[in-house]
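The lines below spell out each chain.
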Amino acid sequence: QACVFALSVASIQRLKEQVEGSGVLGVGEWVSSNNVMAAFVIQCVARANTEAQVYEAGEWTMFQALDMRRPLGLPSRGLGSPLILAECQASSAEIMDAGMFSRLAKRVRQSVDKYTGEYLQGAMDWMNQSYTLLAQNGVLEPWRHFWFTALNTNKRAVGVSCMNRIPIYDADFGAGWPTMARSFNPRPNYIIVFPGPPSTRRTGTSPPEYDALHLYVTLEKPAMAALRADPQWNKLCSLLMTVPILDVGLGTPWEQGRALWVFGYGSLMYRVDFPIEAQVFGYIHGRKRAFLQKSHDHRGTPLQPGRVCTLLPSDSIEACWGVAYKVQAGKESEVKKLLDYREKDGYSIEFVSVHTRQGVVLCDVMVYVGVSSNPSFAGDSSIEDTAQVIARAEGPSGTNREYLYKLCNALRQLNNEGAVVDEYLLVLEQRVREIERELEI
């Protein structure tokens, strides 16, 4: 469930004064308004998740978004925000005990201070290179594709992104009201902070001042109920509205009533034998496609297994393009059983984020992956060795080379703008066709 709350600037100033007067800050130590606001939100949200039993009590990972331009002395105006999620840990006691708020605020400040200018400049350079590559591959508005990569909703983690100093959001959201769902991706336990309506104190052409911040909070429903019942939260925050959110998983298993999305990067790109409501061309960041999964039951036999696709992790800015399918409502269990059988030869399920060219991010999309520890994983293999296997293998579903050719054709058809290129597939296809001619098959 998503809600927008208002938190007054005056309340944030009182929180800051509380920390400064608590005695937790040493000589030369300080906290910003954003630090204390982030600590307050993190403590309340994490406590709500714990009290609602969405997560068991324990240590929490906290993130505060740091705009890298500020410490580097760069202009902060313009579209897009180069952010680092500054990470630190909070004990269960620091989350559950409101009296430990000041210590938590100091810890948030320390997490921001640990990043050196050299590190931030390197991160900026890497991000700019990534933006350029994505743009060259036809991705629109590539800056949208690097949000939320550090926030893992399968563990106790909560993050706050403070956008109140980035003027573009005044225009994007109509002075603080989040009306453009495509401009950001709501995830559970990631709170986005926007400016409230411009203050009447605004003068001339100076940036608008505001009397309150608007907190866009997305939580599991039990946690949201606990947050809205929290006296500490209600003392400072007032509910403005609840917000409909796109039905794209958003951090919970599909069995809990959310839509089931499935990502296809192999045969699912051209053979969809289950009912769907929608499909979208997109990619998984930091993964690459590889023909390193043996096929004993579809494109090969137990004696002569073929090779089909799996996903490998990539330390570079590579991405694996494919298709995300939204399964027809009411058919989730049936489709899951069908796919489990279809992908039974060594595949296991993962949940990933799928990015589209338009900037939409689908969270917790189900994908079948042949991990390196599964018995059908072929291990390291050169293009030549892989091509030799594919050219010769055949199984109950047809020849192995047919699998490769159909996959390549599907990628070409879906990629109607011609901007996405999978060099690995192109080289492999070319070599298999050469072997096919050599063997006259």
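Predicted, not measured: the structure shown is a model, and the values here were computed from it.

**Student:** Describe the side chain of Ser267, with residues and values.
**Tutor:** Following the sequence through the fold, Ser267 ends up in the loop between β8 (261-264) and β9 (276-285). Ser267 gets classed as buried once you look at its relative accessible area, which sits at 15%. A polar contact of 3.0 Å, which involves the side chain of Ser267, links it to the side chain of Arg342. Apart from the residues within four sequence positions on either side, Ser267 is in contact with Arg342 and Tyr403.

**Student:** Explain the pattern of salt bridges residue by residue, including any values.
**Tutor:** One pass over the structure, following the stated rule, counts 20 salt bridges. With a closest N to O distance of 3.3 Å, Arg287 and Glu350 form a salt bridge. Of this pair, Arg287 sits in strand β10 (residues 287-295) while Glu350 sits in strand β13 (residues 348-356), and the two are 63 residues apart along the sequence. Residue Arg401 pairs with Glu436 through a salt bridge whose shortest N-O separation is 3.3 Å. Taken together, the residues Arg401 in helix α11 (residues 400-414) and Glu436 in helix α12 (residues 423-439) connect sequence positions 35 residues apart. The class for Arg401 is buried, based on a relative accessible area of 15%. Via salt bridges that share partners, Arg271, Asp273, Arg342 and Glu343 belong to a single interconnected network.

**Student:** Give a description of the packing of helix α1 (residues 9-20) against helix α4 (residues 101-113) that names residues and reports values.
**Tutor:** Where α1 contacts α4, the two axes come as close as 9 Å, and the packing angle between them is 95°. The angle between α1 and α4 places the two elements in the roughly perpendicular class. On α4, the residues that touch Leu15, Gln18 and Val19 of α1 are Phe101, Ser102 and Ala105. Here the contact of α1 with α4 is composed, by residue class, of 4 nonpolar, 2 polar and no charged.

**Student:** Could you give me a rundown of α12, with the residues and numbers involved?
**Tutor:** Between its first and last C-alpha, α12 extends 24 Å over 17 residues, near the 24 Å set by a 1.5 Å rise per residue. If you check which residues of α12 are buried, you get Leu425, Leu428, Glu429, Arg431, Val432, Ile435 and Glu436. Glu440 lies just past α12 and shows a positive phi near 55°.

**Student:** Hey, could you go over the pairing of β10 for me, with residue numbers and the actual values?
**Tutor:** The buried fraction of β10 amounts to 7 of the 9 residues, a majority that puts the element mostly inside the structure. Where β10 lies against strand β11 (residues 306-313), 7 bridges are found, and the strand directions are antiparallel. Of the residues in β11, the one forming a bridge with Arg287 is Pro313.

**Student:** Tell me about the confidence of the model for the protein, and name the residues and values.
**Tutor:** Taken residue by residue, the protein gives an average pLDDT of 78. The fraction at 70 or more is 75%. The least confident element of the protein is helix α6 (residues 168-172), whose mean pLDDT is 31; the most confident is helix α10 (residues 383-392), at 96. Long-range and interchain partners of residues 204-208, a stretch whose pLDDT sits below 50, account for 4 contacts in this model, where long-range means more than four residues apart. Predicted confidence for residues 245-256 stays below pLDDT 50, and this span has 37 contacts to residues more than four positions away or in other chains.

Calculation rules
- Residues numbered from 1 in each chain as written.
- Predicted model: local features only at pLDDT ≥ 70, side-chain atom pairs only at ≥ 80, totals over all residues.
- Heavy atoms only, no water.
- Helix = DSSP H or I, 4+ residues; strand = E, 2+ residues; numbered from the N terminus.
- Buried < 20%, exposed > 50% of the residue type's maximum accessible area, 1.4 Å probe, protein only.
- Polar contact = N/O pair within 3.5 Å; in protein donor to acceptor, adjacent residues only side chain to side chain.
- Contact = heavy atoms within 4.5 Å.
- Salt bridge = Lys/Arg side-chain N within 4 Å of Asp/Glu carboxyl O.
- Axes fitted to C-alpha atoms, helices over the stretch in contact; angles between N-to-C directions.
- Parallel < 35°, antiparallel > 145°, perpendicular 65-115°, else oblique.
- Nonpolar A, V, L, I, M, F, W, Y, C, P; charged D, E, K, R; others polar.
- Expected span 1.5 Å × (residues − 1).
- Pairing = 2+ DSSP bridges.
- pLDDT = per-residue confidence, 0-100.

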